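These are the residues of each chain, in order.
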Amino acid sequence: MSKHTPEPWVFVPGDDNLPEEPGFEGYTAGSIMADGYHLARVWNDAPNPEADGRLMAAAPELLAALEIAVGAHPEAPWAEAARGAIASARGEEVEPMGGEGG
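Everything numeric here is computed off the predicted structure, so don't read it as measured data. (Residues numbered from 1 in each chain as written. Predicted model: local features only at pLDDT ≥ 70, side-chain atom pairs only at ≥ 80, totals over all residues. Heavy atoms only, no water.)

The next point concerns unusual backbone geometry. For the bond from E7 to P8, the omega torsion is 5°, close enough to zero to count as cis. The residue D35 is not glycine, and still its phi comes out positive at about 55°. Mapping D35 onto the fold places it in the loop between strand 2 (28–34) and strand 3 (37–43). (Helix = DSSP H or I, 4+ residues; strand = E, 2+ residues; numbered from the N terminus.)

This part takes up the pattern of salt bridges. Overall, the coordinates contain one salt bridge when judged by the stated rule. When the shortest N-O distance is used, the salt bridge between E67 and R90 registers 2.6 Å. With a gap of 23 residues between them, E67 in helix 1 (residues 49–72) and R90 in helix 2 (residues 79–90) connect regions that are remote in the sequence. (Salt bridge = Lys/Arg side-chain N within 4 Å of Asp/Glu carboxyl O.)

On to helix 2. The end-to-end C-alpha distance of helix 2, which contains twelve residues, comes to 16 Å, matching closely the 16 Å that a straight helix rising 1.5 Å per residue would cover. Every buried residue of helix 2 is accounted for by A79, A82, G84, I86 and A87. Lining the buried residues of helix 2 we find helix 1. Backbone geometry just after helix 2 places G91 at a positive phi near 75°. (Expected span 1.5 Å × (residues − 1). Buried < 20%, exposed > 50% of the residue type's maximum accessible area, 1.4 Å probe, protein only. Contact = heavy atoms within 4.5 Å.)

Another point: helix 1. Its 24 residues place the ends of helix 1 34 Å apart at the C-alpha level, agreeing with the 34 Å of an ideal helix rising 1.5 Å per residue. Of all the bends found along helix 1, the most pronounced is centred on A59 and spans about 50°, while P60, a proline, follows it within four residues. Every buried residue of helix 1 is accounted for by P49, G53, A57, P60, L63 and V70. Buried positions along helix 1 lie against strand 1 (10–13), strand 2, strand 3 and helix 2. (Bend = angle between axes of the 7 residues up to and from the residue.)

If you want it as structure tokens, here you go:
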């Protein structure tokens, strides 16, 4: 997978100034932005769209933190789950947790 759009990513609540999708007028809760680019539109029909937007915007920082933590503590009890999350974020095949049979 190619590297993601450089951070910082930010959640900008409210109208994202993009054309409305037909049939979805007024459903925009905000956008995920990075360096002037619209990365994603967050719809307000989810239970907690602003929290979802903030979580998505934090993704690059969370990925970097996990990479640092796993590098420093590769045998920690949580490291296998963290490696799976890192692989998923990178678009790599995720190894089953716990070896054969999960």
